[in-house]
Amino acid sequence: MTNLSVSPIEEINTAIQDYNPFNSAAIDKVQSVWGKGFPDLNTLNAHASQKVLEIIKQVKTSSDSKDKVATLVVTGDIGSGKTQLIGRLRRRVIGDGSAVFIYANGSKYGDLNSLRHQFLQTLVENLARVGSQEVTQWQEVAAAMANASNSSGQKTAAATIVKNFDKAYAKALQNNQNMLKKLSSQILKIKPDADPYILRAILWTLSEMYAPYAIEWLAGNELDQETANSMGLPTNAGKTSQEQEAEALGNIQQILRLVSDHKPVLICFDELETRGILSEDGFTKAQVIVRLVKDLYDNLEQSGIGKGIVMLTVMFGSTWAGEIASAITGTATANKIGGGVRDRLSTATQGNPISLKPLDSQSIVDLVALWLQKELYEPRGLKPHDPVYPFTESQLRDIGKGKPTVREILDWCAKNYRPNVPISLEERFERAVKASKEADMGDYLEDNDKIADALGFGFEQLIGETLEGETLTGQKLRQLTIESVDTDIKVVNSKAPSKNLSNQGYINFKVVGNEDDKNFVIGVAVIQKGNAAALGAGLKRLTAYERFGLTRGCLVRSKNKKINNRVQAYKLLEKLISKAQGGEWAYLEAEQIRPLIDLYSVYQNCETYQLTQKQVAEFSKPQILENPLLREILSDPSGEIDAETIEDEELFGTLFDESSADDTADDDDLNDLFVA
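If you're wondering where the values come from, they're calculated on a predicted model, not measured in any experiment.

## Quick notes on the overall build of the protein chain
Now for step 1: Secondary structure assignment for the protein chain yields 27 helices and eleven strands.
Now for step 2: In the protein chain, of all internal contacts separated by at least 6 residues, the share reaching a separation of at least 24 is 76%.
Now for step 3: For the protein chain, the accessible surface area stands at approximately 29500 Å², while carbon and sulfur atoms represent 46% of it.

## Some points on helix α23 (residues 568–577)
Now for step 1: All buried positions along α23 are accounted for by A569, Y570, L572, L573, L576 and I577. All buried residues of α23 fall inside an arc of 160° around its axis, so they share one side.
Now for step 2: The secondary structure elements touched by the buried residues of α23 are α21 (532–542), α22 (545–548), β10 (552–558) and β11 (584–588).

## Some words on unusual backbone geometry
Now for step 1: Cis geometry is found at the peptide bond from Y389 to P390, where omega equals 20°.
Now for step 2: Topologically, P390 is positioned in the loop between α16 (361–377) and α17 (393–400).
Now for step 3: Phi at N45 takes a positive value of approximately 55°, unusual for a residue other than glycine.
Now for step 4: Relative accessible area serves as the criterion here: at 6%, N45 is assigned to the buried category.
Now for step 5: Here the phi dihedral of D517 falls at roughly 70°; this positive angle occurs in a residue that is not glycine.
Now for step 6: Assignment of secondary structure puts D517 in the loop between β8 (509–515) and β9 (518–526).

## Quick word on the pattern of salt bridges
Now for step 1: As enumerated under the stated definition, the model contains 21 salt bridges in all.
Now for step 2: In this structure, K263 and E140 form a salt bridge, with 3.4 Å as the shortest nitrogen-oxygen distance. Linking K263 in the loop between α12 (241–260) and β3 (265–270) with E140 in helix α6 (residues 137–149), this pair joins segments that are 123 residues apart in sequence.
Now for step 3: The buried category is assigned to K263, whose relative accessible area is 7%.
Now for step 4: By relative accessible area, E140 is classed as buried at 2%.
Now for step 5: Among the ionic pairs, D598 bridges to R594, the shortest N-O distance being 2.8 Å. Of the two residues, D598 and R594 both sit in helix α24 (residues 590–604), four residues apart, roughly one turn of that helix.
Now for step 6: Taking the relative accessible area as the measure of exposure, R594 reaches 15% and is therefore buried.
Now for step 7: Connected through salt bridges with shared partners, the residues K294, D298 and R344 form a single ionic network.

Basis of the calculations
- Residues numbered from 1 in each chain as written.
- Predicted model: local features only at pLDDT ≥ 70, side-chain atom pairs only at ≥ 80, totals over all residues.
- Heavy atoms only, no water.
- Helix = DSSP H or I, 4+ residues; strand = E, 2+ residues; numbered from the N terminus.
- Contact = heavy atoms within 4.5 Å.
- Areas by Shrake-Rupley, 256 points an atom, 1.4 Å probe, with all protein chains shown as cover.
- Buried < 20%, exposed > 50% of the residue type's maximum accessible area, 1.4 Å probe, protein only.
- Arc of directions from axis to C-beta.
- Salt bridge = Lys/Arg side-chain N within 4 Å of Asp/Glu carboxyl O.

Printed below as a string of C-alpha cells:
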C-alpha cells in the first residue's frame, strides 16, 4: 500500500538536485539578527537566552535603582551560535513587545578612537528599525511620550499618531500654532531632566517628512541651516570628531533614559574580534568595546533608568581569557584595562561569562531536520520519508561525537549534501548564485556598505580590462582601462579648500584608470539615506576634488530618492554635475545592483560552495563586464539632473512656514494628533 503522507522520492530528489539550503548559512550572517534569520533550534543554548530574558524581567520590575542596569557576557567558539542567539533574542523581544532592541556589531567600528560616537550612530540607526507596533522603535517611544502628555488620558496607537502627525502639524500651522513646540513643552513638564533638543528630535520622528532629518541629527550629524531652523534644532555644524566623541556619551545616556521610560532596552554587542586594529592608547577592539560597556553601566546606573537596561556582550572564549580577563588582572600597563571592568561587564552573573555549549548527537539531528524542513521541504510542500534525508541519522550522530559547532555542522551539510552526484565547477557556481538570489537580503537597497562593497568588487574584477561602447543612457566608453580600486580615502592636499574636512566614510572608493590616453580618478559615494543632511555631507566630500585627489565624482543613489531644490544638498549636486566638475549621479536600480551583490556574496563565501575566489572571479567576469551600473559610473557624465528627481516644494512650503507661531492657545490644536 502506498503511503500518501510521504512525497514521491523522485520529487524529493528533484528538489534536492535544484537547491542546497545549507549554502545560505554562509550568506550575510549579520542579516540573521534583524532579518528573517535562519531556522532556530530553540533548545540550542536555551540556558543563555533564557537567562537574558529573565534579567530583562528583573530590571523592569526592580524598585531599586541600582538594579535597573544589568550586564552579561556570553562566550563561545567560532560558529557556536553567538549571533544566532542574538537573533533569537531580537525576534523574542520585538515579537512580544517586551523590550526595545539594539544590535551593536563591532565589525562596523573602524575608528576605535571615536567609539562612543559610532555607538551613538548604532543606537540611533537601530531605533529607526521597525519594532513591535508596526512603526519604528523611535516612533513607539515618541508616541508613548505624546500619549503621556495627553491631558484626556487617552492612549492612541503609535501607528495612528504617526499617520496623523504631518496632517495635524500642518493644520496647527494654519491656525498659527506650533504643535511640535507645544507637545515638547508639555512632555518637559513630565520629564524636566530631559534634554529639550533631544526630546524635540525624538518627537520629529513621528513625521514622515522630518523623521530622516531627526534621525540624522540624533546621530550627531549636521543639518543644513534651513532644515534645522524649521525643526527648532541646532545644526550640529562645525564640530570636530573630538568634539563629537566628547558629547556622544551624554547624548547616549539621554536617549537611553527616554527610551527606557517606554520599555526595557536590550543592547547586544557582537563581533568584537578584529586582529591588528588598536586604539591610540594600545587597546584592542574588544577591550575598547568592553570599556564602553563599563562607561555606559557607570553612567546609566546613576541616572534613574525607568524600565531598565540590559547589556549583553558576546565574544570568543579566547577573547575573554586573553584580552579581557587577563588584561584586568595582568601587570602589563600597556594592556591593562582596569579591575572594575569585569564586575561591570557581567553584573547579572557575578563577573562570570555564560558559555555556549557544543552540539551533541541529538541536537545535531534536530538541527539538520529543522533546517531541511524550514528551508527545503516545507516551502515546496514536500513530506520526506526521513526528516534528515538526504543524510542519515546514524551519519549525523557519528559526526556529533566530535562536538562540532553549529557552523561546522552546517558547513559539513553544505559540502556533503549530494555526495553521490558529481557537479562541475561551473554548475557549482551557478547553483551558488541561484542560492544567493533566493536568499533574503533584507532591505539591501538601503545598505550603503553592502552596495559599495558589491560595486568595489565589480570594479576590482575589471582591472586590466579594456572597455568600449555605449551605456544604456547613451554615454560613451572609449578605450577605458581600470588600473586600480582604492578604498583608503585620505586627504591628499591638506591646503585645499574645506579645511579640516576628512572623508568619514562618505566616499566609498576611488576607481583609477585611463581613458583615451587620459588618466582619471573617479570617487564613488553610495548615499541611500533619504534625507538632505546625509546627502549634503557626502556631496561636500565628493565635490572636494583637489582635497581628495579626484578628477571626477559619482553619486550612486536611487532615482526615487528625490531632492528638494531649496536645500544645500541640491546646490552641491548642481556643482558636482556642472561642466567645471564633470561629475555624475548614477541611478541605483535593484536589477543592476542585486546581481553584483549576489556575485560578491558567492565570492566571500566561496569555500561553502567548494570553489576558490579565483574561480568565482573567473565565472563572474562576463556578467560584470556587461553590468550597466558599473559602465554608467565609468562613462562620460550626462551633465543633467532628471526632473523626476526634484522634490515637489508645495508641501515643504506649508510645513516650513512658522512665521507666526503662537503658543498662547489651549490644547485643542493637539487633539487632531490622537484621533483614531
